[in-house]
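# Working through the structure, step by step
Below are the chains, spelled out letter by letter.
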Amino acid sequence: MNNTYSFNDYPEVISIDNLQEILHIGRNAAYSLLKEGKIKTIKVGKKYIIPKKSIIEFLETAC
């Protein structure tokens with residue numbers, strides 16, 4: 001699966017809003033994916049830092 005072309009418009013570090021947009025999910029679902037470790041992220045204080053690579057890996061393993 002090679003869907004990296006669809007991520008060209010996004011920066012290397014994705015916000016929670018971008019994550020919702022990419023996956024077409026709501027805010028609660030997005031935070032659940034992060035809290036459950038399904039998408040690898042770094043938490044700094046209350047803020048999540050989401051590498052774009054982590055989202056691509058999540059989608060590759062989900063298929």
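Coordinates for the structure precede this section.
Conventions we followed
- Residues numbered from 1 in each chain as written.
- Predicted model: local features only at pLDDT ≥ 70, side-chain atom pairs only at ≥ 80, totals over all residues.
- Heavy atoms only, no water.
- Helix = DSSP H or I, 4+ residues; strand = E, 2+ residues; numbered from the N terminus.
- Rg over C-alpha atoms; globule rule 2.2 N^0.38 Å.
- Buried < 20%, exposed > 50% of the residue type's maximum accessible area, 1.4 Å probe, protein only.
- Contact = heavy atoms within 4.5 Å.
- Pairing = 2+ DSSP bridges.
- Axes fitted to C-alpha atoms, helices over the stretch in contact; angles between N-to-C directions.

This brings us to the overall build of the protein. Secondary structure summary: the protein contains 3 helices and 3 strands in total. From first element to last, N terminus to C terminus, the protein shows the α and β order β-α-α-β-β-α. Here the C-alpha radius of gyration of the protein, 11 Å, is about what a compact globule of 63 residues would show, namely 11 Å. By its C-alpha atoms, the protein is 30 × 20 × 20 Å across when sized along the principal axes. Residues counted as buried form 32% of the 63 residues belonging to the protein. In the protein, the proportion of contacts linking residues at least 24 apart, taken out of those at least 6 apart, comes to 41%.

All right, on to the sheet that holds strand β3 (residues 47-51) then. Strands sit in the order β1-β3-β2 across an open sheet of 3 strands; the sheet is antiparallel. Unpaired on one side and paired on the other, β1 (13-14) and β2 (42-44) mark the two borders of the sheet. Direction of pairing for β2 relative to β3: antiparallel, over a ladder of 3 bridges. Note on β3: the bridge partner recorded for Ile42 is Ile49. Sheet contacts for helix α3 (residues 52-62): β1 and β3; angle to β3, the most-contacted strand, approximately 65 degrees.

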